Amino acid sequence: MNATDQVQDLVDTVAELTGAPATLEDRDLLLVASSGHDDDVIDEVRRRSILRRRSDPLVQELFAGFGIARATGPLRVPGDPATGRLARWCLPVRWRAVTYGYLWLLDPHGRVRAEHLDRVHDALDLLAAHLATRARTADRTTWAVGELLSPDAGSRARAVEELRRDGLLTATVTVVALAAADGGPTGAVNGWLLPRAVLTAGVGHRAALVVPAPLVGADIAARAAAALLPQHPAGVAAGVSGAVPATSAHTGWQQADAALRSGGAGVREWERLGVWRLHALGEPSALTAVVVDERARALLDDPALADLVETVRTYLDLAGSAQRTAQALSIHRQTLYHRLRRVREVTGYDLDDGRDRLALHLALLLGGGESSER
């Protein structure tokens, strides 16, 4: 039985011994495990914690006011009929005088007594050992993961050596970049929702996952994004690199970041990125400045020419097929030809020249919004 299953069994055991629904959170108030519950013994605090995989920040602040961070033993947190919040017990999960998490027992009717709490001491000790081990491993590896993705070769080499010494790094990895689609911070990734082999770290406003390449492609990224999704109304975007040597994890991070910056919520993979791989070369604004010349600006900067932009973009997306372009835009073939002539007149691009077509297509993709086929 792996550690996650053992923790779940212990939480279920506590619920059985006390007769109360149990929820275990780590010291960052990320959900670790929860027992089942009857429909009439749940409140919005527990419901949202389970759905979001973490406590709401306002709830965290509220419970902090009851002194949970200072508690060394069971603490009774009163309910609030006005908000529907039920009374509960907070049992600090402590190992060697350090709190590594909190075990919550919903107890609206005061049925959990001192003798019930006495019965769970052994389970609490085992939970504390699990959480302490996981926390200390995370503390040790988070720094190393950040260095592993660093552009500095010396830092990467030291990180590889340390992670391999601890048996935490395989020869080949996949790197995942996560970000809120609205540009806000992701917050900490709940590592309890991921396999133990997945390493995580925060990189600026984004989160990084380093995954043994044989284990995962976009599916782990999708799971991580789903775990973060409830926190961000705009959704969470995930970029997934190709498989790279662990010593080249920084390249993987560039690939994942390029996929992430290709736009929109959801999961995007480097190996399916196509022309959007150019994002790995620099920031979008820098790429736009290089690719979008004065000829393209004459077309893109005039709102009155929006029909021409849509037409030539579709035409180029469809490999210059007049028939498919006319069908896609629901226009007559002669109308299409007229618009393409206007594009040539406005920009000076020769659409019969492959190099001009490539230059205009890149300008439309990188400087003129999303492609209809993207």
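Look up: the structure comes first, before these words.
If you're wondering where the values come from, they're calculated on a predicted model, not measured in any experiment. Per chain, residues are indexed from 1 in the order of the written sequence. In view of the model being predicted, local features appear only for residues whose pLDDT reaches at least 70, and side-chain atom pairs are presented and counted only at 80 or more, with totals across whole chains, interfaces and linings using the full set of residues. Where side-chain values are given, they derive from all heavy atoms of the structure, hydrogens and water being excluded.

S.K.: It is not clear to me how the overall build of the chain should be interpreted in this structure. Could you clarify?
M.R.: Along the backbone of the chain there are 14 helices and eleven strands. The buried share of the chain, taken over its 374 residues, is 48%. Contacts are assigned to residue pairs that have any heavy atoms within 4.5 Å of one another. Restricting to contacts in the chain with at least 6 residues of sequence separation, those with at least 24 account for 59%. Every accessible area reported is derived by Shrake-Rupley at a probe size of 1.4 Å, with residue values counting cover from the shown protein chains alone. Put simply, the chain shows about 18,100 Å² of open surface, and 51% of that area lies on carbon and sulfur atoms. Helix and strand definitions follow DSSP, with helices as H or I runs of at least four residues and strands as E runs of at least two, each counted in order from the N terminus. Partly exposed describes any residue whose relative accessible area lies between the buried limit of under 20% and the exposed limit of over 50%, with all areas from a 1.4 Å probe on protein chains only and scaled to the type maximum.

S.K.: Would you mind showing me how to read the packing of aromatic side chains here?
M.R.: Each pair of aromatic rings is reported with the distance of its centres and the angle of its planes. Here is the rule: rings of Phe, Tyr and Trp (six-membered ring for Trp) pair when centre to centre is within 6.5 Å. Planes less than 30 degrees apart are stacked, more than 60 are edge-to-face, and the remainder are tilted. As enumerated under the stated definition, the model contains two aromatic pairs in all. Judged by centre distance (6.4 Å) and plane angle (40 degrees), the ring pair of Y102 and W104 falls under tilted. A relative accessible area of 7% means that Y102 is categorised as buried.

S.K.: Would you explain the sheet that holds strand 5 (residues 98–106) in this entry?
M.R.: At least two DSSP bridges between two strands are required for those strands to pair. Read across the sheet, five strands follow the order 2-1-5-4-3 without closing on themselves; strand pairing throughout is antiparallel. Only two strands of the sheet have a single neighbouring strand rather than two, namely strand 2 (31–34) and strand 3 (75–77). In this sheet, neighbouring strand axes are inclined to one another by 25 degrees on average, regardless of whether the strands run parallel or antiparallel. Summarising the sheet, strand 4 (residues 88–95) and strand 5 pair through eight bridges and their orientation is antiparallel. Its bridge partner being in strand 5, V93 is matched across the sheet by G101. Note on geometry: axes are C-alpha line fits, over the in-contact stretch for helices, and angles between N-to-C directions span 0 to 180 degrees.

S.K.: Looking at this structure, I do not really get helix 2 (residues 44–52). What am I missing?
M.R.: Since the α-helix advances by 3.6 residues per turn, residues separated by three or four positions end up pointing in the same direction. When helix 2 is considered as a whole, its buried residues turn out to be V45, R46 and S49. Along the axis of helix 2, the buried residues cluster in a sector spanning 95 degrees; they form a single face. Elements that come into contact with the buried residues of helix 2 comprise strand 1 (22–26), strand 2, helix 3 (57–64), strand 4 and strand 5. Two residues or fewer past helix 2, R53 is found with a positive phi of approximately 65 degrees. The arc refers to the directions leading from the helix axis to the C-beta atoms.

S.K.: Just checking my understanding: could you explain the packing of helix 11 (residues 306–317) against helix 14 (residues 354–367) for this structure?
M.R.: Each pair of packed helices gets described by two things: the angle between the helix axes and the distance between those axes. Contact geometry of helix 11 with helix 14 gives a least axis separation of 10 Å together with a crossing angle of 120 degrees. Of the two elements, helix 11 crosses helix 14, and the hand of that crossing is left-handed. Taking contact as the criterion, the partners of V309, V312, R313, Y315, L316 and D317 in helix 11 are, on helix 14, R357, L360, H361 and L364. Handedness of a helix crossing follows the sense of rotation of the near helix relative to the far helix, less than a right angle counterclockwise being left-handed and clockwise being right-handed.

S.K.: Where do I start with the pairing of strand 7 (residues 199–203) in this structure?
M.R.: Consecutive residues of a regular strand have side chains that alternate between opposite faces of the sheet. Bridge count between strand 7 and strand 8 (residues 206–212): five bridges; the pairing is antiparallel. Within strand 8, the position partnered with T200 by the bridge is L209. Where strand 7 folds back onto strand 8 in an antiparallel hairpin, the turn is made up of two residues, including G204, whose phi is positive at roughly 65 degrees.

S.K.: What should I look at first to understand the side chain of E147 in this one?
M.R.: As for its placement among the helices and strands, E147 is situated in helix 5 (residues 121–148). Residues counted as positive are Lys and Arg, residues counted as negative are Asp and Glu, and His and the chain ends are not counted. Note on definitions: salt bridges are taken to be side-chain nitrogens of Lys or Arg within 4 Å of carboxyl oxygens of Asp or Glu. Buried within the structure, E147 lacks any salt-bridge partner; R158 is the closest side chain of opposite charge, at an N-O distance of 4.4 Å.

S.K.: What is the right way to read the environment of V32 from this model?
M.R.: Topologically, V32 is positioned in strand 2. For V32, a relative accessible area of 13% corresponds to the buried category. Linking V32 and V7, residues 25 residues apart in sequence, is a C-alpha distance of 8.1 Å. Leave out the neighbours within four places in its chain, and V32 touches V7, L24, E25, D26 and W192.

S.K.: Looking at this structure, how should I read a negative patch on the surface?
M.R.: The patch calculation keeps residues exceeding 30% relative accessible area without a salt bridge and links them within 9 Å when they carry like charges or within 5 Å when they are nonpolar (Val, Leu, Ile, Met, Phe, Trp, Tyr). Working definition for charges: the position is that of NZ of Lys, CZ of Arg, CG of Asp or CD of Glu. Residues D5, D9, D12 and E16 make up a contiguous surface patch of negative charge. Among the structural elements, D9 can be located in helix 1 (residues 3–18).

S.K.: Would you mind showing me how to read the nonpolar core here?
M.R.: For soluble globular proteins, the rule of thumb is that nonpolar side chains tend to be buried together. Among the nonpolar cores identified, the biggest contains 27 residues, and V7, L24, L91, V93, L103, L105 and L127 are the most heavily contacted of them. Elements with a contribution of two residues or more to this core: helix 1, strand 1, strand 2, strand 4, strand 5 and helix 5. At seven residues, the largest contribution of residues to this core is made by helix 5. Grouping buried Ala, Val, Leu, Ile, Met, Phe, Trp, Tyr and Cys residues that are joined through side-chain atoms within 4.5 Å yields what is termed a nonpolar core.

S.K.: Is there a simple way to think about the environment of T18 in this case?
M.R.: Of note, T18 is situated in helix 1. With 94 residues separating them in the primary sequence, T18 and V112 have C-alpha atoms 6.1 Å apart. The residues contacting T18, other than those within four sequence positions of it, are L105, V112, H116 and V120. Polar contacts, as used here, are pairs of N or O atoms within 3.5 Å; protein pairs need one atom able to donate a hydrogen and one able to accept it. Residues neighboring in sequence count only if both atoms are side-chain atoms. At 2.8 Å, the side chain of T18 forms a polar contact with the backbone oxygen of V14.

S.K.: Which parts of the structure should I look at to understand the pattern of salt bridges?
M.R.: Two side chains of opposite charge can pair, provided their charged atoms sit close to one another. One pass over the full model with this rule turns up twelve salt bridges. For D43, the salt bridge is made with R88, and the minimal N-O distance between the two is 2.9 Å. Residue D43 is found in the loop between strand 2 and helix 2, and its partner R88 is found in strand 4; the two are separated by 45 residues along the sequence. On the basis of relative accessibility, which here comes to 3%, the residue D43 falls in the buried class.

S.K.: I keep staring at unusual backbone geometry and nothing clicks. Help me out?
M.R.: Keep in mind that most residues, glycine aside, have a negative phi and that most peptide bonds are trans. Of note in this structure, L29 is not a glycine but carries a positive phi near 60 degrees. Among the structural elements, L29 can be located in the loop between strand 1 and strand 2. Even without a glycine there, the phi angle at R96 is positive, about 55 degrees. Relative to the elements of secondary structure, R96 occurs in the loop between strand 4 and strand 5.

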